[in-house]
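Take a look at the letters that make up each chain.
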Amino acid sequence: MSEYLKPTPWDSRNFPLETFQLTEYSEAAFEATAGVEGHFTVKVDPLADKALLQKYGFYYADTLMEPYCYRDKFLEAAAGDVTFHENYDADDILTIAEEAFQGGRYHRDFQVPNELADLRYRNWVKDLIDQKLILAYKQDGQVKGFFAYQEENVLLLAMHKDIRGQGFARPFTAACVKEQFERTGKEELITSISPSNPASLNVFIGLGFRLRAGKDIYHKVNGSF
């Protein structure tokens with residue numbers, strides 16, 4: 001396999017095609033995709049010349065911004081009275097995840113069937129559960145939300161549909177960030193959010209997060225789903 005194509009087995013396990021991420025943005029890397037069956041991803045500086053993408057059949061999938069926050073800039077007072085639990089029913093977490101995450105880049109990829117995109121996110125959450133990287137939020141003994149983190153990375157968070165739209169997003173997110181700062185001892189936390197999710201982006205910015213330059217994500221498919 002070419003040095004320019006990095007296999008992503010955590011994605012390929014969900015699809016009938018092998019999946020790869022390009023290791024650099026160059027003509028040599030794009031040429032390496034020719035004649036190889038698979039689904040390819042490349043992350044590009046938003047200001048980069050996009051001519052190579054068009055020439056080699058790549059299409060836009062998403063953009064990821066990188067909100068970051070230093071401990072001394074975090075608005076801790078916004079955190080709600082939230083207690084997190086390490087013991088929970090995995091099915092409760094998966095139910096929330098399946099309903100909450102419908103706008104990821106694989107769901108937005110017109111060549112990937114929605115059921116396969118759903119499978120990809122479900123398996124990712126299963127991995128996080130198995131790695132004990134998820135904490136659950138409960139109300140009256142029922143799981144109503146969760147978040148996942150690893151070191152300084154805020155991986156994902158979600159609330160049950162029963163408690164969304166009630167002004168709880170900001171205190172819940174702040175409680176998640178506060179918990180992660182306390183558990184990890186890190187001085188900086190970072191996450192990634194698509195501009196297609198402005199509500200989430202605004203919540204993090206409202207808690208003291210700032211934005212670093214993002215990356216545009218392009219896909220290409222050689223083969224068929």
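Throughout this document, residue positions are counted from 1 along each chain, in the order its sequence is written. In view of the model being predicted, local features appear only for residues whose pLDDT reaches at least 70, and side-chain atom pairs are presented and counted only at 80 or more, with totals across whole chains, interfaces and linings using the full set of residues. The side-chain figures draw on all heavy atoms in the structure; neither hydrogens nor water molecules are used.

### Comments concerning empty space enclosed by the protein
Next up, step 1: Whether a set of points on the 1 Å grid over the protein atoms alone is a cavity depends on a 1.4 Å probe fitting there but being unable to get out, while an open set qualifies as a pocket with protein on both sides within 12 Å along at least five of seven lines; lining residues are those with an atom within 4 Å of a point. Grid points are joined across faces, edges and corners, and a volume is the space filled by probe spheres set on the points. Applying the stated criterion to the full structure yields one cavity of 30 Å³ or more.
Next up, step 2: Its volume calculated, the largest cavity comes out at about 40 Å³.
Next up, step 3: Contributing to the lining of the largest cavity are Ala 97, Glu 98, Phe 101, Asp 118, Tyr 121, Arg 122 and Val 125.
Next up, step 4: For the lining of the largest cavity, the secondary-structure elements that each account for two or more residues are helix H4 (90–100) and helix H6 (114–130).
Next up, step 5: A run of DSSP states H or I qualifies as a helix once it reaches four residues; a run of E qualifies as a strand once it reaches two. Both are numbered from the N-terminal end. The element contributing the most residues to the lining of the largest cavity is H6, with four residues.
Next up, step 6: Taken together, the residues of the lining of the largest cavity sort by class into four nonpolar, no polar and three charged. Each residue is assigned to one of three groups, with Ala, Val, Leu, Ile, Met, Phe, Trp, Tyr, Cys and Pro labelled nonpolar, Asp, Glu, Lys and Arg labelled charged, and all others, Gly among them, labelled polar.

### Details of H4
Next up, step 1: Only protein chains enter the area calculation, which uses a 1.4 Å probe; residues under 20% of their type maximum are buried, those over 50% are exposed, and those in between are partly exposed. Of all the positions in H4, only Ile 93, Leu 94, Ile 96 and Ala 97 are classed as buried. Summarising the axial view, the buried residues of H4 lie within an arc of 165 degrees, below the 170-degree limit, and thus occupy one face.
Next up, step 2: Contacts are assigned to residue pairs with any non-hydrogen atoms lying within 4.5 Å of each other. Of the surrounding secondary structure, the elements contacted by the buried residues of H4 are H6, strand E6 (134–139), strand E7 (142–150) and strand E8 (153–159).
Next up, step 3: In protein, a polar contact requires one atom able to donate a hydrogen and another able to accept it; more generally it is a pair of N or O atoms within 3.5 Å, and residues adjacent in sequence count only if both atoms are side-chain atoms. One side-chain oxygen of the residue at the start of H4 lies 2.9 Å from the amide nitrogen of Asp 91, identifying that residue as Asp 89. By arc we mean the arc of the directions from the helix axis to the C-beta atoms, nothing more.

Scope: geometric values only; no functional claims are made or implied.
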